[in-house]
Every structure is written in structure tokens, then in C-alpha cells.
Amino acid sequence: MDALREWWRRLLGTLTRRRHDQDIEAEMQAHLELAAEEGRRRGLSSEQAERAARLQVGGLSQAMEAMRDQRGLPWLDELSRDIRHALRSLRRTPLFTAIALLTLGLGIGANTAIFSIVNAVILRPLPYSNPGRLMNLTAEFSAVGRTEDTLSIPEYLEFRRMNQSFQTLGAYTTGADVYTTGEVNLLAGDRPLRARSISVDRQLLDAIGVQPAQGRLFNDQEISFETRGLAAPVAILSHELWQAAFGGQPLVGGSVKIDGRPHEIVGIMPPATDLMDNRTEVWLPLGFHREIGRNRSMHVLHIAGRLKDGVTEDSAQAELNALLENWGERAGVSGHVPKSHPERTAEHTLRLRPMHAAVVGTAGRSVWILQVAVGLVLLIGCANLANLLIARTESRRREFAVRTALGAGRTRLMRQTLTEALILSVGGGMLGIWLAAAAVHAIVLAYPTSVPRISGISIDVSVLLFALAISVVTGVLFGLAPIAQKQTNDLMTALKQGGERSNSSGGRHHVRSLLVVAEVAMAVMLVVGAGLLIRTVYNLNSVNTGFDRSRLVTFSITLPEPYDPDTRAPAYQRLVDKLRAAPGIQNAAIMSGLPPDRRPTPANTAIENYTNADGRPIELIDYYQAVIGDYFATMGIPLVAGRAFEPGDSSSSGRFVVVNETLANRIWKGQNPIGQRIRPALGVFGFANGPWHTVIGVAKDVKQGGVENQTGSEVYVSLDQIGLAPPTMNVVLRTTLTPATLSQSLQRLVSEVDPAVPIVRLRDMDSVFAESIRRPRLLTTLLGGFACLALLLATIGTYGVLSYIVAERRHDIGVRIALGAGRSSVFAMVMKQGMQLTVAGVVVGVIGALGLNQLIASMLFGVEPTDATTVAAVSATITLAAAIACWLPAWRASRLDPMVLLKHD
Amino acid sequence: MEPEYSIGMSNRDNRKADILQGTLDVMVLQMLNALGPLHGYAVAARLEQISSGALRLNMGTLYPSLMRLEQRGFIRGDWDVTENNRKARFYAITAAGRRQLTRQKDEWDRTVSIMRAVLREQD
């Protein structure tokens, strides 16, 4: 207790300096005088008395020091003294301080920015109760390379019935299906809006455990897989939409027109409620047509559920595997059932995944790669700063010698250096946090959909702690460099005979040389990685998508209630005619799916005179494309056999389809596909299956499931012939005009057909394409930026060290020149030293790169992780950069005037 | 010639210093308790006298001790004038100080009697 009191007073003593120095000094001065007086009383002279007093009671300055130690907390006092001294000495060398702060700011800032992404995307748990229990169930069509795909409704209901592992299992649909675009038209007052939607069943809401902030959730009657066409007219709004569009007015029980139909608003969700990073604004009940509800091959549902307590992921997967062995028997069905080992294109299997992994997907790996890359950049920066600090310490040798003579211990001096380093790194860290906040803001603005969960990104407590931690670690790392240098030098000196060697010994530069080699190696690793990714993006970009991407503009429109399939088709037809007649537009067409990235619409299709491996006259077709107008000409898809649809076809009595090469080769290999007949499964569009259609043409393959995946089989049907159309279609125009110029006239044309329908997602085909590869593009852009930064820093570092070595050895060089060495040989000598370090670094870097590249192997396309061309090109580039960095110091060395040098030293 | 105990203190020798500090603190408290408020020099002078010259305190030991006792609340110091009209800082023991002194005295008695008993054994 008393000790605590003492400690408290001592803390106060440090902070407030109670009992000032003068006060204490006065007291002790009085003591001295009393002692001196005693001496005088005993007969000594004044002088002798004072001297005797001092000898007896001790010196004033030592006593003062003892008092100061008692008054304050010595370690705190020393620390504040160190800090003040460090600040002063940093102020005296503003250039060094500025460079250090800038380097650290950039390095720590980049690391903090990437970590905030890691934090928001990967580390942050999902915003549901006990999110670790949530799992997604997906289908996998390995033959067409589709994973994380949807299930059919019968499968879902069967799994729900048969499984024992899940407490609740629910279903949902979002956009990019044939039926929905994931958006709905919403009328807020008289303002038409486009809102992001999701359709769910009651079980899904129960599984994620969400409770409405107002009103209620959907009840079982409102969910149906047997509707006559549309879902129940109820909806739940998100908190954000309710505030933004409806001003937070009471809305529960009221009616809002959604897609032209009045929906009753039964509830409002709590703030920030979402599923699978969909940015949902409107929650709708699931409702599927009877035809689809019974169709095994129409995969339309995403499934997610909550495991029962005590059930592990592994046991749930094991149960699923067991079910897959004989799904058909267990469920009592036959036909298109999931299998444990799918063999043919038509077959699929099912997989369980934790919901967190499903949301993050492959983005997780990309983000970690970025974190490693940016960590390497920081290490390179540290190496540069370590070199700078060593140089600085060397230049302060005299100051340190004086201080050592005055009694400063070696640890004290080391602490001084470390304090300077930490002040720099913490200062740089604060600058870095500020830069990171700006960078994060910019990334979210520029790439809002490229990274999942990025909307939740922020510089929060864990990010700040991370920034602080790496600031401290960075400071310690490069602060210890001068100490390491000194230890190494001492060791080297001790090992050799005798004491100090001359300045020209290479031994003084061990640590610095090592740092340069390390820097170059890390830069090589980064640049090779970036190079591989750049080639990947280039390859992705150059993939032949099968159609002519240039001068194509596209948008999508939805014709909701009160349109029927048979009133829509004429409306779309009218639109196509208007568009073709419009000035500036060469050709126009309308289709259901937008390449190059569409979800497959696998459907069993009857084929005449054909039996598949199971002996049945059907085959699973991967993609169906419904078109209106001159689709092939507009898109620039060549036909390899037969002909495309013609206007005269709608009036003829025959029914025609076009197939793609993959389908023709699969079904009619060696035969002529023209004239063969199939029965297209029009159920994929929600229509009744049609009669036999004749194949009139074979089109060149078009990329459907992403540019890096194989093409699947595709059937084109003409809606002009069928006379029906689904609600949402994509419009494509061949034109030399830009989307911006066209926007107004297009809206006008569409309004002539129907004034209430807005144009959505108007853009040119190149940006559609760019968006389909936006993830690799973002990763490559960032990684490329970091690689450039690393290269720059390593070059600067090499230049710095070599300059310093030249400066240190100038005496030696001067002697050489005076003794007759040519300037070119001096140049060569310095260059050789620099290039030796560089080559060592490149070799280490290449080895490291070959290992590290395995990490990014899964993201590469069209290039191997051990690609020799890339490695060679990078090595050459870095060697060249280093050569440039070495050139200036070498040139300066060759230009030294020996007379000037020798005179000065 | 009797051995001299000059209780000097090195700033670095912490553990030994603690024991010496504790002993000195008790002696100072005892002085102030027995003789009333004294200034620093007087305390040192009295201690030297009582120990017949064995205890010679230098300022670097005495004054930190006084400051420590003051920080712990066992004594209180105020500036005042001596009989020779000199300004000096006088220290007086507090109630808490008296309690501490009693505690320490008891502890010392116990220590001494234990040591006596143990060391006697060796004879």
C-alpha cells in the first residue's frame, strides 16, 4: 500500500516535477553549509572547512542525481530524455527524416490498407448468430467447369427430407438466372427505382436466424413451388431502402408496386441484413411455376442451412456422400439425380461448404497474396532504411565516441538508435494510417463489386492495432541494423589478427551487402509474380469469345405484369424493328443470355434417332439461347454449316433451331447435323415444351461460362417462331456510337414500346467482358503496383549502398588512380562490386519466386508458374535496373581527383 | 579503530540498496519520533553521534531516504528557520509514520533474536 503510494508520488514527480530542482538543491546546499560551519567551529579555515564538508557528506551533483532518481520514475525519465534527444537529432537531418517517414508511411500504409481488406473480407465473421454452423449446398458440373452451382427444386425438397445433419435448410435465388436479374422495378411514391432483390423461403430466414425489425417474416403459405407463374405479392424491405426511398415512414401493411404488381409490405429488416453479399434491398418470397417445381434438370435454387448442434462439417459431408451413392433409390426417383462420381457432361454431384468460404470464394486467396506482396514491399523499405540508419550511425561515430567517453554505456547508445528508429516508424505508421484510409476509400469507389464483403471495410480497432504492431516491429527491425552491423564488424575484427583494419576492407559492409542482396531477391519475387499475373490477364483478354466484341452495345429490359409471354414477344419484336431503323445502329437483336459469363440452363432434350450412354433418346444440353431478330449477324458469330434464322422462318410451317459446334460434334459426329431434329426444352424459359424442331445451322462456339472455361453444348431457338418471350431479355446493338451518346435515344425508343420500362445496364460489350474478368484485373493491378514500388525501392537501395561504399573507399580509390590505374578500370571495379550483389540477389530471388509462384498457380491462365520467359525477362529487367543504379556511383568513382582526396585526408 | 560504515549508494546496485534503504528509513523515523522535527543535517549529525561515528551518511543517501519517507506519507517536510536564523527544511513524523515505526521495531526485534539464537548455536 505504501509502496503504491510511493509509486504514485514518483509518477506525479515525473509528470509535475514537484519539489523543483531549486528547492532540493537549496536544501542540500544548506546541509553543506551546516557541515562547513561545523568544520569552521572546529578551527578549520573557510576553504578547508568547505572541502572537508564536501568530502564528508558527498558531492552536490551526485546527491542531486540520487534525488532525481527517487523523485521520479527513472526509466520514464530516461525514456523521455531519449525521445527528446532523438527528436532533436532527427530534426537536425531533415532530408533523412523526410525520406524515412515517407518510405515508412507508404510501406505501413499499404500494409494497413490490405490488412483492412483481409479483415473485412476474411477475418470478420458473418453477421449472423453462430455463423460457423452455416453451410451452403452447391451442385458441381465438373465437365463444364461449373462449381458452386444451383440445385433443382425436387433435389432440394428431397435433401431436406432425407438429411439428418441440418437443423434448418432453406433456399434462395438471386440474379443471373433466366428468370431474374436480381433486380426489380420498384415504385416509391411516383419515383421508379431499380432495387436489388433476393427471393427466399421461410426456412432460409430461420437458418440465418434473422428477425424482422418491424412486422413479420414470410409464412409457409406465401412460399410455393407450384404457382401459376408468379410469386406471392408480399415483400420485406431492407432498412436502408426503407429509409432512403420511403423516408422511414410507417410502411408495414402498406402496398408498394414491385415490377408493376402491388405487393404488401409485411416487414422491414434490421439494418445491415444481407445474404451472401448480395446487397439486398428487397426480400421476396420464393415462387416457382409448377413446371419448374417438378423439373429435375432445371437448377434454380441456392441452398443454405444451419447444422444441428453437435454435428460437425465432416460428418455432414459424410452423410451427404452416403446419400449421393444411391440418391435415386433413397428418394424413390429416377432420372437426373446427383451422383458421387459424375462421369458425363450431364451428371453432377453435390458439395457442402461453410457459408463463410462460399461468400469469400477465391477472393480469399487473392487477398492473402496481396498481403504477402505488400509485406515484401515493407521489408524492402525496411532494408533501405536499415542501410540509411547504418550510414547515419557511421557518420555520428564521433558523437558516440564523445558520449562513451563521458560515461554513456553501450546499451544506452543502442537504446538511443532504437528510440530514433521507433519514433520514425511510429510517425511513419501514423502517416500510413492516414494514407491507408484514403486508399481504402479509393479502392471501394473504383471496384465496388470486385471483392466480396468489401462494403464492410473500414479502419477499425483491429486494423489500427495491426498498424501499430507492424510499426513497432518495423522500427525494431531496422533500428537493430546498426547494432547488428557493429556486432558483425567487431566479430570480424576480433577474428582477424590485430585491431582496426583500413577503411577499404570489405568486411565493414557485410550487413549492408546482405541487405542489398535480400532487397533485390524480394523485388525479383514480386516482379515475377506480377509478371505472371499480367500475362494471365492478357491471355484472358485475348481469349476468342466466339463473337465480335467491337462496336457492340448492350442493355437489358424487363417487361413485367401485365405482360404475358405471348404479349411480350410482339413487344420485343417491335423494339427490335425500331432499333434497326434508328440512325447510327447497323443491326440489333434480343437474346436471353449475355455472353461471356452466363449460368448454364441444363435441360434434358429429346433428340431424334439418338441414344445416349444410358440408352435413352435424350441428351443434357448445357445452354439454351432464345433470340429475336438477326442475332448471329449482329453478334458477329460465324456459322460453320447451314444458315441462321431468317425473317421468313416465322411464317413457314417448319420449326427451326441452330446448334453450336460442341453440340454438333457431341451428338452427330461424322454425320451432317443439318436436317436432324430435336425437341428443345422450352421449359427453361417457362414455356411448354415445343414440337420437333429441325436443325438448320451450326454456329461457331461462343464462350458461355466465363472465358477461362470450356464451352458447353448450346441450342439457339427463335422466339419469332415460338411467339413467346420471358420477362427479362438482353438487347444487343451493332453500332459505332458510344453508350453515352445512345442513352437518350434508346430510352425514347423503348418508351415508344412501353413508357414504364427503364433501360438497365447500358454499356458496351468490352466493359461487359472486362467485368467478367474484373477479379484477376484488380489483383493484377494492385500486385503490379506493388511490384513497381518494390523495384523502385530496391533500385534506390542498391544505388544508396554502392554510393556509400564508393564514398568510404574514396581514399583507397584515390591511391589507385594516383598509382596509375585507368579510370575505366576503377569504373569496372565499382560496377563489378555492385553487379555481384545484384546477381546474387537475382539468383536467390528466382529460386524464391519458383517456390512462391506455386501459391498463385491456381490463378494463372495460359501460363505456367515456372514460366521461363517471364523469369528470364524479369531477371534481365532487374539486372538492367541495378546496372543503371550502379552506373552513377561507378562513374563518380572514376572521376575522383586523387590530388584533392589525398590532400584532404 | 572501529570499522566505519559509510552508507553510500550506487545507482545501479538495486537489491542491496533496498536492504540498506529500509534500515536507514527506520533509523530516520526513530530519530524524528524521539527528537521531534529535525532538518536533514541534524538527523545525520545525531545518527553519527549515537553510533559513535560509525554511521556517516552522505547527502546522496540521506535525502533520497527522506524523500521516500515523505512520498510514503510517513513524514512531512516544511521549510522553516533554525535557531541561527538559517532556512532549512524540517521533517516531522506523522501518525502513519509512527505506526510504521512500531511495526519495523517489532520486526527488527524478532530478526535480532532469531539471529542471536542461530548464531549462538555455532559457538
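Residues numbered from 1 in each chain as written. Chains lettered and ligands numbered in written order. Predicted model: local features only at pLDDT ≥ 70, side-chain atom pairs only at ≥ 80, totals over all residues. Heavy atoms only, no water.

The next thing to look at is the overall build of chain B. Along chain B, the regular secondary structure elements total four helices and three strands. For chain B, the sequential pattern of α-helices and β-strands runs α-β-α-α-β-β-α. Look at the contacts in chain B between residues 6 or more apart in sequence, and 50% of them connect residues 24 or more apart. Of the accessible surface of chain B, which amounts to about 7,600 Å², a share of 49% is contributed by carbon and sulfur atoms. (Helix = DSSP H or I, 4+ residues; strand = E, 2+ residues; numbered from the N terminus. Contact = heavy atoms within 4.5 Å. Areas by Shrake-Rupley, 256 points an atom, 1.4 Å probe, with all protein chains shown as cover.)

Across its full length, chain A carries 30 helices and 27 strands. Computed over C-alpha atoms, the radius of gyration of chain A comes to 38 Å, more than 25% over the 29 Å expected from 2.2 N^0.38 for 905 residues, which places it beyond the range of a compact globule. Taken over the C-alpha atoms alone, chain A extends approximately 140 × 80 × 60 Å along its principal axes. In chain A, which comprises 905 residues, the proportion classed as buried is 52%. For chain A, the proportion of contacts with a sequence separation of at least 24, taken over those separated by at least 6, is 80%. Chain A carries 90 positive and 80 negative side-chain charges, and their two centres are separated by 7 Å. (Rg over C-alpha atoms; globule rule 2.2 N^0.38 Å. Buried < 20%, exposed > 50% of the residue type's maximum accessible area, 1.4 Å probe, protein only. Lys, Arg positive; Asp, Glu negative; His and termini not counted. Charge placed at Lys NZ, Arg CZ, Asp CG, Glu CD.)

We now examine the packing of aromatic side chains. Residues and elements named next belong to chain A. For the coordinates displayed, the defined rule picks out 10 aromatic pairs over all chains. An angle of 65 degrees between the planes, with centres 6.2 Å apart, marks the rings of Phe-159 and Phe-166 as edge-to-face. For the residue pair Phe-159 and Phe-166, the accessibility class agrees, reading buried in each case. Site record: aromatic cluster; members linked through ring pairs are Tyr-631, Phe-632, Phe-645 and Tyr-716. Sitting above the plane of the Phe-656 ring, Arg-643 keeps its charged end 5.4 Å from the centroid. (Phe/Tyr/Trp six-rings, centres within 6.5 Å; stacked < 30°, edge-to-face > 60°. Lys NZ or Arg CZ within 6 Å of the ring centre and 35° of its normal.)

Take the pairing of strand E9 (residues 234-237) of chain A next. Looking down a regular strand, the side chains alternate between one sheet face and the other. All names here are of chain A. The alternating pattern of E9 places Val-234 and Ile-236 and Ala-235 and Leu-237 on opposite faces, both of which are buried. Note: E9 against strand E11 (residues 261-268), four bridges, orientation parallel. Within E11, the position partnered with Ile-236 by the bridge is Gly-267. As paired elements, E9 and strand E12 (residues 282-285) share two bridges and run antiparallel to each other. By the bridge assignment for E12, Leu-237 is matched with Val-282. (Pairing = 2+ DSSP bridges.)

Here we take up the interface of chain A and chain B. Contact with chain A, which involves 32 residues of that partner, is made by 29 residues of chain B. Between chain A and chain B, roughly 2,600 Å² of surface is buried when both sides are summed, and carbon and sulfur atoms account for 56% of that area. At the junction of chain A with chain B, the criterion picks out three salt bridges. With a closest N to O distance of 2.4 Å, Glu37(A) and Arg86(B) form a salt bridge. On inspection of chain A and its partner chain B, the count reaches nine residue pairs in polar contact (both at pLDDT 80 or more). For the side of chain A that touches chain B, the secondary structure elements donating two or more residues are helix H1 (2-16), helix H2 (21-41), helix H3 (46-57) and helix H4 (60-71) of chain A. If you tally residues by element for the side of chain A that touches chain B, the top one is H2(A), at 13 residues. Among the residues making up the side of chain A that touches chain B, the classes are represented as 13 nonpolar, five polar and 14 charged. (Buried area = accessible area lost by both parts, 1.4 Å probe. Salt bridge = Lys/Arg side-chain N within 4 Å of Asp/Glu carboxyl O. Polar contact = N/O pair within 3.5 Å; in protein donor to acceptor, adjacent residues only side chain to side chain. Nonpolar A, V, L, I, M, F, W, Y, C, P; charged D, E, K, R; others polar.)

There is a patch of like positive charges on the surface, built from Arg81(A), Arg84(A), Arg88(A), Arg91(A) and Arg92(A). By secondary structure assignment, the location of Arg91(A) is in helix H5 (residues 74-92). (Patch = residues over 30% accessible without salt bridge, like charges linked within 9 Å, V, L, I, M, F, W, Y side chains within 5 Å.)

On to the sheet that holds strand E2 (residues 75-81) of chain B, then. Spatially, three strands are ordered E1-E3-E2 (chain B) in an open sheet, and the strand pairing comes out antiparallel. Across the chains shown, the open sheet's two edge strands, defined by having one partner strand only, are strand E1 (38-39) and E2 of chain B. As judged from the two bridges shared by E1(B) and strand E3 (residues 87-93) of chain B, these two strands associate in the antiparallel manner. Bridge assignment links His39(B) to a residue of E3(B), and that residue is Phe90(B). Contacts between H2(A) and the sheet are confined to E1, E2 and E3 of chain B, with E3(B) contributing the most and set at about 100 degrees to the helix. (Axes fitted to C-alpha atoms, helices over the stretch in contact; angles between N-to-C directions.)

In this section: the environment of Asp630(A). Residues and elements named next belong to chain A. Tracing the backbone through its elements, the reader meets Asp-630 in the loop between strand E20 (623-629) and helix H21 (631-635). The exposure class assigned to Asp-630 is partly exposed, which follows from its relative accessible area of 25%. Along the primary structure Asp-630 and Arg-580 are separated by 50 residues, whereas in three dimensions their C-alpha atoms are 10.0 Å apart. If we skip the residues at most four places from it in the chain, Asp-630 touches Asn-587, Ala-588, Ala-589 and Phe-645.

Residue and element names in this part refer to chain B. Of the residues in chain B, 83% have a pLDDT of 70 or more, and the chain-wide mean is 83. Per-element mean pLDDT across chain B ranges from 80 in helix H1 (residues 14-35) up to 92 in E3. The model gives residues 9-13 a pLDDT under 50, and that stretch makes five contacts with residues more than four places away or in other chains. Here the predicted complex scores 0.75 on pTM and 0.83 on ipTM. (pLDDT = per-residue confidence, 0-100.)

Residue and element names in this part refer to chain B. Where E2 and E3 come together, seven bridges link them in antiparallel fashion. Each residue of the ladder has a partner; that of Gly-77, found in E3, is Tyr-91. In textbook terms, the turn of a hairpin is the stretch between consecutive antiparallel strands, and for E2 and E3 this stretch comprises five residues, one of which, Asn-85, has a positive phi near 65 degrees.

Turning our attention to the environment of Gln371(A). Residues and elements named next belong to chain A. Among the secondary structure elements, Gln-371 is positioned in helix H14 (residues 363-395). The spatial distance from the C-alpha of Gln-371 to the C-alpha of Ala-644 is 51 Å, given a sequence separation of 273 residues. Not counting residues up to four positions away in its chain, the partners in contact with Gln-371 are Asn-111, Ile-114, Phe-115, Val-118 and Phe-466.

Residues and elements named next belong to chain A. Residue Pro-596 follows Pro-595 across a cis peptide bond; omega there is 0 degrees. At Asn-130, a residue that is not glycine, the phi angle is positive and equals roughly 50 degrees. Among the secondary structure elements, Asn-130 is positioned in the loop between helix H6 (94-123) and strand E1 (134-141). For Asn-130, a relative accessible area of 51% corresponds to the exposed category. One non-glycine residue, Arg-551, lies in the positive phi region at around 55 degrees. Relative to the helices and strands, Arg-551 resides in the loop between helix H19 (510-542) and strand E16 (552-558). Taking relative accessible area as the criterion, Arg-551 reaches 44% and is therefore assigned partly exposed.

Quick look at the nonpolar core now. Residue and element names in this part refer to chain A. Leu-301 and Trp-327 are the most contacted members of the largest nonpolar core, which has 103 residues in total. At six residues, the largest contribution of residues to this core is made by helix H20 (residues 565-581). Not counting residues up to four positions away in its chain, the partners in contact with Leu-301 are Thr-150, Leu-151, Ile-153, Tyr-156, Ala-171, Tyr-172, Thr-173, Phe-225, Leu-286 and Phe-288. With 80 residues, the next largest nonpolar core counts Phe-96, Val-360, Val-377 and Ala-436 among its residues. (Core = buried A, V, L, I, M, F, W, Y, C linked by side-chain atoms within 4.5 Å.)

A separate point is a nonpolar patch on the surface. Residues and elements named next belong to chain A. Taken together, the side chains of Val-426, Met-430, Val-461, Leu-465, Leu-468, Val-472, Val-476 and Leu-480 present a nonpolar region at the surface, about 680 Å² in accessible area. Where the nonpolar patch is concerned, the elements lending two or more residues are helix H16 (410-446) and helix H17 (461-479). Looking at the nonpolar patch element by element, the count peaks at five residues for H17. Residue placement: Leu-480 occurs in the loop between H17 and helix H18 (481-495). We classify Leu-480 as partly exposed; its relative accessible area is 37%.

In this section: the pattern of salt bridges. Residue and element names in this part refer to chain A. For the structure shown, the criterion picks out 27 salt bridges over all chains. A salt bridge links Arg-216 to Glu-222, with the shortest nitrogen-to-oxygen separation between them at 2.9 Å. Look at Arg-216 and you get partly exposed, because its relative accessible area is 32%. Here Arg-816 and Asp-812 are joined by a salt bridge, their closest N and O atoms 3.7 Å apart.

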